[in-house]
Amino acid sequence: MTVRPDPRRPWPSPGINLAALLASLLFALPMLYLLARSVGVGGRTVGLGHYSAVLSDPAFGLALVNSLAVGGLVAVLTALVASAAGYALAFGAFRGRRVVLAGLVLLAALPGQLLLPGGYEVVAALGLLDSRLAVVLPAIAGVMPVLLYRAGFESVPRELLD
């Protein structure tokens, strides 16, 4: 079924368009300010010298590769772990499933800063301080991806799974 726009009202009202434009400007102004300050507008010499200095520094390339490697590893491992846990919570029939789900929902309600000291203690106990795994392991242990995968799996009809 195709949804067709109402021919009597092809565009939203001008008030909605104006409000959306003002909201867009409100959100864009901080970024425009940062861009203007980064090239030196506002009392400094205007130019891109700061950018060339950062990009020509050899440490920048190493930091970029490190960030991409850690970020890619976290993304892949989070998808694997969260999809397995979400599938188990959606379709698994094991004792304590509701308790685990309630615990995950309670953990999702907590601010992440409350969990940092406990995560540090776990990483320290494993002897992983000052390593990339100290960044990767806590990052893949997120609660929200598990809950999102669970909701996604539960939205699939059972007939498709059989």
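Keep in mind it's a predicted model, so treat the numbers as computed, not measured.

Give a description of unusual backbone geometry that names residues and reports values.
Where the residue is not glycine, phi is negative for most of them; where a peptide bond is considered, it is trans in most cases. For Asp130, which is not glycine, the phi torsion reads 60 degrees and is therefore positive. Looking at the element boundaries, Asp130 is found in the loop between helix H5 (112-125) and helix H6 (133-140).

Summarise the nonpolar core; cite the residues concerned and give the values.
Judged by nonpolar contacts, Ala82, Leu89, Leu101, Leu104, Val143, Val146 and Leu147 together constitute the single largest core of seven residues. Breaking this core down by element, the ones donating at least two residues are helix H3 (58-91), helix H4 (97-109) and helix H7 (144-154). When residues no more than four places from it in sequence are discounted, the contact partners of Val143 are Leu104, Leu107 and Ala108.

Explain the pattern of salt bridges to me, and be specific about the residues and the numbers.
This model, assessed by the stated rule, comprises one salt bridge. With its nearest N and O atoms 3.1 Å apart, the salt bridge here joins Arg150 to Glu154. Residue Arg150 and its partner Glu154 are both found in helix H7; the two are separated by four residues, about one turn of the helix. Judged by relative accessible area, which is 17%, Arg150 ranks as buried.

I'd like a description of the environment of Arg132, backed by residues and values.
On the secondary structure map, Arg132 appears in the loop between H5 and H6. A residue is classified by how much of its surface remains accessible, and Arg132, at 52% relative accessible area, is exposed. Spatially, the C-alpha atom of Arg132 lies 9.0 Å from that of Asn66, the residues being 66 residues apart in sequence. Within the structure, Arg132 has its side chain in polar contact with the side chain of Asn66 (distance 2.5 Å).

Quick one: what's the story with the packing of aromatic side chains, residue by residue and with numbers?
Centre-to-centre distance and the angle between the planes together describe a pair of aromatic rings. Throughout the structure, instances matching the rule amount to four aromatic pairs. Plain terms: the ring middles of Phe91 and Phe153 are 6.3 Å apart, the flat faces sit at 55 degrees to each other, and that makes the pair tilted. Residue Phe91 is located in helix H3, and its partner Phe153 is located in helix H7; the two are separated by 62 residues in the primary sequence.

How would you sum up the environment of Leu126? Please name residues and give values.
Its location among the elements puts Leu126 in the loop between H5 and H6. Residues Leu126 and Leu106, 20 residues apart in the sequence, show an inter-C-alpha distance of 26 Å.

Tell me about helix H1 (residues 14-38), and please be specific about residues and values.
Because an α-helix completes one turn every 3.6 residues, residues spaced three or four positions apart along the sequence face the same direction. Under the 1.5 Å per step criterion, the end-to-end length of H1 is 35 Å for 25 residues, consistent within 8% with the ideal 36 Å. If you look at H1, its biggest bend is around 35 degrees, right at Ala28, and the proline Pro30 turns up within four residues after that. The first or second residue beyond H1 is Gly40, which carries a positive phi of 100 degrees.

Requested: an account of the layout of surface pockets, with residues and values cited.
As a volume, the largest pocket reaches approximately 430 Å³. Contributing to the lining of the largest pocket are 18 residues, with Leu115, Gly119, Leu137, Pro138 and Ala141 lying nearest its centre. When residues of the lining of the largest pocket are assigned to their parent elements, the largest contribution, seven residues, is made by H5. Looking at the lining of the largest pocket residue by residue, the classes come out as 15 nonpolar, three polar and no charged.

Which residues make up the packing of H3 against H4, and what values do they have?
Running from amino to carboxyl end, H3 crosses H4 at an angle of 130 degrees, the nearest separation of the two axes being 10 Å. Here H3 lies oblique to H4, going by the angle between them. Considering how the two elements wind past one another, H3 and H4 form a crossing that is left-handed. Listed contacts from H4 to Ala88, Leu89 and Ala90 of H3 are Arg97, Val100, Leu101 and Leu104. In terms of residue class, the contact of H3 with H4 is made up of six nonpolar, no polar and one charged.

The rules behind the values
- Residues numbered from 1 in each chain as written.
- Predicted model: local features only at pLDDT ≥ 70, side-chain atom pairs only at ≥ 80, totals over all residues.
- Heavy atoms only, no water.
- Helix = DSSP H or I, 4+ residues; strand = E, 2+ residues; numbered from the N terminus.
- Core = buried A, V, L, I, M, F, W, Y, C linked by side-chain atoms within 4.5 Å.
- Buried < 20%, exposed > 50% of the residue type's maximum accessible area, 1.4 Å probe, protein only.
- Contact = heavy atoms within 4.5 Å.
- Salt bridge = Lys/Arg side-chain N within 4 Å of Asp/Glu carboxyl O.
- Polar contact = N/O pair within 3.5 Å; in protein donor to acceptor, adjacent residues only side chain to side chain.
- Phe/Tyr/Trp six-rings, centres within 6.5 Å; stacked < 30°, edge-to-face > 60°.
- Expected span 1.5 Å × (residues − 1).
- Bend = angle between axes of the 7 residues up to and from the residue.
- 1 Å grid on protein atoms, 1.4 Å probe; cavity = no way out; pocket = protein on both sides within 12 Å on 5 of 7 lines; lining within 4 Å.
- Points joined across faces, edges and corners; volume = space filled by probe spheres on them.
- Nonpolar A, V, L, I, M, F, W, Y, C, P; charged D, E, K, R; others polar.
- Axes fitted to C-alpha atoms, helices over the stretch in contact; angles between N-to-C directions.
- Parallel < 35°, antiparallel > 145°, perpendicular 65-115°, else oblique.
- Left-handed = near helix turned anticlockwise from the far one by under 90°.

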